[in-house]
Number of protein chains: 2
Amino acid sequence: MQYQFSKRMESLQPSLIREILKSTSDPEVISFAAGNPAPNAFPVEELTRIITDILHHDPIAALQYSVTEGYPALREACKRMLETHYHISTKDNDLIVISGAQQGADLAAKALVNEGDTVLCEDPSFIGCLNCFRSYNCNLVGVEMEEDGINTAKLEQAILQNPRVKLLYLIPNFQNPTGITTSLAKRREILRIAKAHNLVILEDNPYGDLRFAGEPVPSLKSMDTDGLVIYNGSFSKILAPGLRVGFVLAPAPIIAKMTVGKQCADVHTNILTQIACERWLATCDLDAHIARISEIYRQKCQLMLDCIDREFAPSIAHTTPEGGLFLWCTLPEGADMMEFCRRAVEKKVAVVPGFAFLADQRNPCRSFRMNFSTPTDEAIEKGIKLLGALTHTMF
Amino acid sequence: MQYQFSKRMESLQPSLIREILKSTSDPEVISFAAGNPAPNAFPVEELTRIITDILHHDPIAALQYSVTEGYPALREACKRMLETHYHISTKDNDLIVISGAQQGADLAAKALVNEGDTVLCEDPSFIGCLNCFRSYNCNLVGVEMEEDGINTAKLEQAILQNPRVKLLYLIPNFQNPTGITTSLAKRREILRIAKAHNLVILEDNPYGDLRFAGEPVPSLKSMDTDGLVIYNGSFSKILAPGLRVGFVLAPAPIIAKMTVGKQCADVHTNILTQIACERWLATCDLDAHIARISEIYRQKCQLMLDCIDREFAPSIAHTTPEGGLFLWCTLPEGADMMEFCRRAVEKKVAVVPGFAFLADQRNPCRSFRMNFSTPTDEAIEKGIKLLGALTHTMF
């Protein structure tokens, strides 16, 4: 039989990164292409104790159907965490539990974006969410990224030049893929622009807790007095991504629509792990845990930066992230980035070609993404040495 | 700020049942409105042992990111289960793990249905999936249900009378809400019609294992030699719904599109519980388990039927299901079903008004849905007595 697929899915391809990761299952390949948290950052003993305890003492609650909005105690705990840790007021907002932060992007698009409407994003940005927006058949427009965040003049231009701009997708902290943090001045300017143009912002903050240098910058949501911001949070980087638990805080009317959307999509999020997240928040020392895992990422990032500075040809630029999992390298003008990535794989080192993160993947790109959280220290040293030799050969 | 919601979500309401369930949190209300498996059907001890064991011996695999397609060993185990238990050939098909069977409907619609395309369903049918299809802004058309399944003459008419019919949604076993099982003759006729009109069928089979009377009828998928059928299975009714694990088997090109859709929607399904499902299948005696839980449902259904026959006015018709969780009662001609449901709630008994399950909820309906799996035996006896008294007052 000949299948007629929907327009939205006809041209959509699997995430290039996930395809690259499959090809790097060769254990000899050193992969800087992943985005996994460091396994030693998982609080394995606490989680094992908590989950075992839930199953011994309250198994039916953990196994039966539950409500779409999420486990009530976890919703309250997430609100308290946002208020105390991030100074985000939850007044006039509501919060639901979602099956990982990716679902927050999906439900925001489902609630707000018609086919042909425009979604704006940083260029480059997180491919998972870009593909999600593409799956709504929208007009996806990237706005140039600068060292301190999105180019706000070009953002305003893009709003004026595109039809029905409905959503602005931003990762203000340690952005994926660049590692860039948006400055406070730009955050204020972004909110001014959004208010002036009646534009909803999706603030995705999966990495915000993983700060290992510099000073925290207030989230857009904490400065949002006009109900402009949908705030997407996740347990994937502070606890464990395999549990697939995130949360979204937004003005109550938006959350109401997202809840109906979630009911249609997956009924509710795995309740055993929702209860586990709540118990973990209730019993752990969150500050101490975050300090411990940030130190893991600080060391790994510093090691990668030291190796790059020692091994790479001086014509290769790189970002210096203050947190998160990624940094972004840019080859000199005229360089063939895809050729570099191909030759790196031949030498058994995988990186992600930068064009994968562009709103329009046909645009030129001389950059590639490097992940420092997944590889071991030995792999970082060895892999950067191999890449460095390649840069000296090629540039 | 005034929010402009998408056309698809503008008119979509939360599932009426889930709203009714919230209002029945009053512990005095006897609820026949739910659709929960019986808690004593959960293999709590085995699951506790399995999950504890996974976390002790292989915690990182259970907590780290995983692949969108699902845990490979679980995919293989589900395929084997389909082949050995259901005589479904998996040749030319592929199988992915999903976050509950509801996600199968969502991904099928995402892959196949454009806005304005027609989706056909049994009328009445499962509100969760109907709302899912509505969320794709499709033309949802219900086809009359008969005692042995959908009216196939009207099905063929509906295909001819509606534009771009893309998907036929069916629950052939112990249908929700009616409890009806589609006969073998009708299944053959449905496949003939689908083939003649190049129509993809979504066969949803969450209740198929819960047969407690009559003889098994081959699934549509087991008779599908033309790549017409997407088969949706679930661990919710045989293991536990709170885990949110299901699976979907379909022709490989359809699964490829659904996989891309899932990557955009929630990256992958909770991996801890995927591994748990695999270990459970590998270590349990599935036949014995299914026999045990089917016996629970047989007893509960029989009790409800006995009570209905004893207590209800003789003018109330009901279905006699051979499995599943639900039966369907129909009031005499001229009866005001909504008034009956309202007065039942006043007497602290909740049922679901039948119109909630219609493709067009404005159509007349004299039926209501009764669930026998969730209430205790005492609640069934007491609740049916109260409803019976009401039927004698009103009819």
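Check the entry above for the structure.
Residues numbered from 1 in each chain as written. Chains lettered and ligands numbered in written order. Predicted model: local features only at pLDDT ≥ 70, side-chain atom pairs only at ≥ 80, totals over all residues. Heavy atoms only, no water.

**Q** In this structure, what is going on with helix 10 (residues 252-266) of chain B? I would like to understand it.
**A** Every α-helix carries 3.6 residues per turn, so stepping three or four residues along brings you back to the same face. Residue and element names in this part refer to chain B. Helix length check: helix 10 (15 residues) gives 21 Å between terminal C-alpha atoms against 21 Å at 1.5 Å per residue, within 8%. With respect to burial, helix 10 is a largely interior element, 12 of its 15 residues being buried. Where helix 10 terminates, the next one or two residues include V267, which has phi positive at roughly 65°. (Helix = DSSP H or I, 4+ residues; strand = E, 2+ residues; numbered from the N terminus. Expected span 1.5 Å × (residues − 1). Buried < 20%, exposed > 50% of the residue type's maximum accessible area, 1.4 Å probe, protein only.)

**Q** Could you clarify how one ought to interpret the interface of chain B and chain A in this entry?
**A** For interface size, the figure often reported is the accessible area lost on association. Residue-level contacts link 84 residues of chain B with 84 residues of chain A. Both sides of the chain B and chain A interface together cover about 7100 Å² of buried area, and 59% of this is carbon and sulfur. Applying the counting criterion to the chain B and chain A interface returns 2 salt bridges. Residue K110(B) pairs with D106(A) through a salt bridge whose shortest N-O separation is 3.6 Å. (Contact = heavy atoms within 4.5 Å. Buried area = accessible area lost by both parts, 1.4 Å probe. Salt bridge = Lys/Arg side-chain N within 4 Å of Asp/Glu carboxyl O.)

**Q** Can you walk me through the pairing of strand 7 (residues 200-204) of chain B in this structure?
**A** As a general feature of sheets, a regular strand has side chains that alternate between the two faces. All names here are of chain B. Taken across its 5 residues, strand 7 has 5 buried, putting it largely inside the fold. Here strand 7 shows no split at all, with V200, L202 and D204 on one side and I201 and E203 on the other all buried. Of the pairings in the sheet, the one linking strand 6 (residues 165-170) to strand 7 comprises 4 bridges and is parallel in character. Within strand 7, the position partnered with L170 by the bridge is E203. Once the chain exits strand 6 it traverses helix 9 (residues 184-196) before rejoining the sheet at strand 7, and the crossover so formed is right-handed. (Pairing = 2+ DSSP bridges. Right-handed = clockwise from strand over helix to strand, strands pointing away.)

**Q** I tried to follow the relation of the copies chain B and chain A on my own but got confused; where do I start?
**A** Both copies of the chain are related by a screw-like operation: a rotation about an axis and a shift along it. The operation relating chain B to chain A is a screw motion whose rotation component is 180°, with 0.0 Å of axial translation and a residual RMSD of 0.0 Å. Between the two chains, the operation in question is that of a two-fold axis. Looking at the rotation axis and the C-alpha trace of chain B, the residue lying nearest is T52(B), at 2.9 Å. Taken together, the interface assignments show that 100% of the residues at the interface of chain B recur at the interface of chain A, consistent with an identical surface on both copies. (Least-squares fit on C-alpha atoms with pLDDT ≥ 70 in both.)

**Q** Just to check I follow, could you spell out the pattern of salt bridges for this structure?
**A** Pairing is possible between side chains of opposite charge, provided their charged atoms come close. Considering all chains together, one arrives at 43 salt bridges over all chains under this definition. Between E146(A) and K186(A) there is a salt bridge, and its shortest N-O distance comes to 2.5 Å. Here E146(A), found in strand 4 (residues 139-146), pairs with K186(A), found in helix 9 (residues 184-196); they are 40 residues apart in sequence, far enough to count as distant. Judged by relative accessible area, which is 28%, E146(A) ranks as partly exposed. Owing to a relative accessible area of 9%, K186(A) belongs among the buried residues under this scheme. One salt bridge in this structure joins R342(B) and E339(B), with 3.5 Å as the shortest N-O distance. In this pair, R342(B) and E339(B) are both assigned in helix 13 (residues 337-346), 3 residues apart and thus about one turn of the helix distant. Residue class for R342(B) comes out partly exposed when judged on its relative accessible area of 44%. Each member of the salt-bridge network shares a partner with another, and the members are R75(A), E76(A), K79(A) and D94(A).

Just geometry here; none of it tells us what the structure is for.
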